[in-house]
Amino acid sequence: MSEIPQLLYYTAALSGCAGVLYTGVLFAVALVSILAPTPERRKDARTTLTILMRRRSR
């Protein structure tokens, strides 16, 4: 039973790291979609951002 709190801690830490990483990726793609030098790259970045931000129906 003493391993369960440690497992929960590592699970929470991993979830937090994944959330921070996902937020960083979204920020980077949003930044590229604004600052890209060519319209084609901006369009590709916006398309990627749309895919990442898509909500799934439940």
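Right above here is the structure, for reference.
If you're wondering where the values come from, they're calculated on a predicted model, not measured in any experiment.

1. A few points about the overall build of the protein
Working step 1: When helices and strands are counted, the protein shows 2 helices and 0 strands.
Working step 2: A compact globule built from 58 residues should have a C-alpha radius of gyration of about 10 Å, whereas the protein, at 17 Å, is more than 25% larger.
Working step 3: Considering only C-alpha atoms, the protein reaches an extent of 55 × 25 × 10 Å along its principal axes.
Working step 4: For the protein, the accessible area works out to roughly 5500 Å², and carbon and sulfur atoms hold 66% of it.

2. Some words on helix α1 (residues 3–35)
Working step 1: Over its 33 residues, α1 runs 48 Å from end to end, which matches the ideal 48 Å to within 8%, given 1.5 Å per residue.
Working step 2: Tucked into the core, α1 has its buried residues touching α2 (39–53).

3. Focus on the packing of α1 against α2
Working step 1: Two elements in contact, α1 and α2, have axes separated by 7 Å at closest approach and are oriented at 150°. One element, α1, and the other, α2, form an angle in the roughly antiparallel class. Where α1 crosses over α2, the handedness of that crossing is left-handed. Where α1 approaches α2, its residues Tyr22, Val25, Leu26, Val29, Ala30, Val32, Ser33 and Ile34 are matched on the opposing element by Arg42, Ala45, Arg46, Thr48, Leu49, Leu52 and Met53.
Working step 2: Classifying every residue of the contact of α1 with α2 by side-chain character gives 11 nonpolar, 2 polar and 2 charged.

4. As for the packing of aromatic side chains
Working step 1: Throughout the structure, instances matching the rule amount to 1 aromatic pair.
Working step 2: Seen from their ring centres, Tyr9 and Tyr10 are 5.5 Å apart, and the 65° between their planes marks the pair as edge-to-face. Each of the two residues, Tyr9 as well as Tyr10, counts as exposed.

Calculation rules
- Residues numbered from 1 in each chain as written.
- Predicted model: local features only at pLDDT ≥ 70, side-chain atom pairs only at ≥ 80, totals over all residues.
- Heavy atoms only, no water.
- Helix = DSSP H or I, 4+ residues; strand = E, 2+ residues; numbered from the N terminus.
- Rg over C-alpha atoms; globule rule 2.2 N^0.38 Å.
- Areas by Shrake-Rupley, 256 points an atom, 1.4 Å probe, with all protein chains shown as cover.
- Expected span 1.5 Å × (residues − 1).
- Contact = heavy atoms within 4.5 Å.
- Axes fitted to C-alpha atoms, helices over the stretch in contact; angles between N-to-C directions.
- Parallel < 35°, antiparallel > 145°, perpendicular 65-115°, else oblique.
- Left-handed = near helix turned anticlockwise from the far one by under 90°.
- Nonpolar A, V, L, I, M, F, W, Y, C, P; charged D, E, K, R; others polar.
- Phe/Tyr/Trp six-rings, centres within 6.5 Å; stacked < 30°, edge-to-face > 60°.
- Buried < 20%, exposed > 50% of the residue type's maximum accessible area, 1.4 Å probe, protein only.

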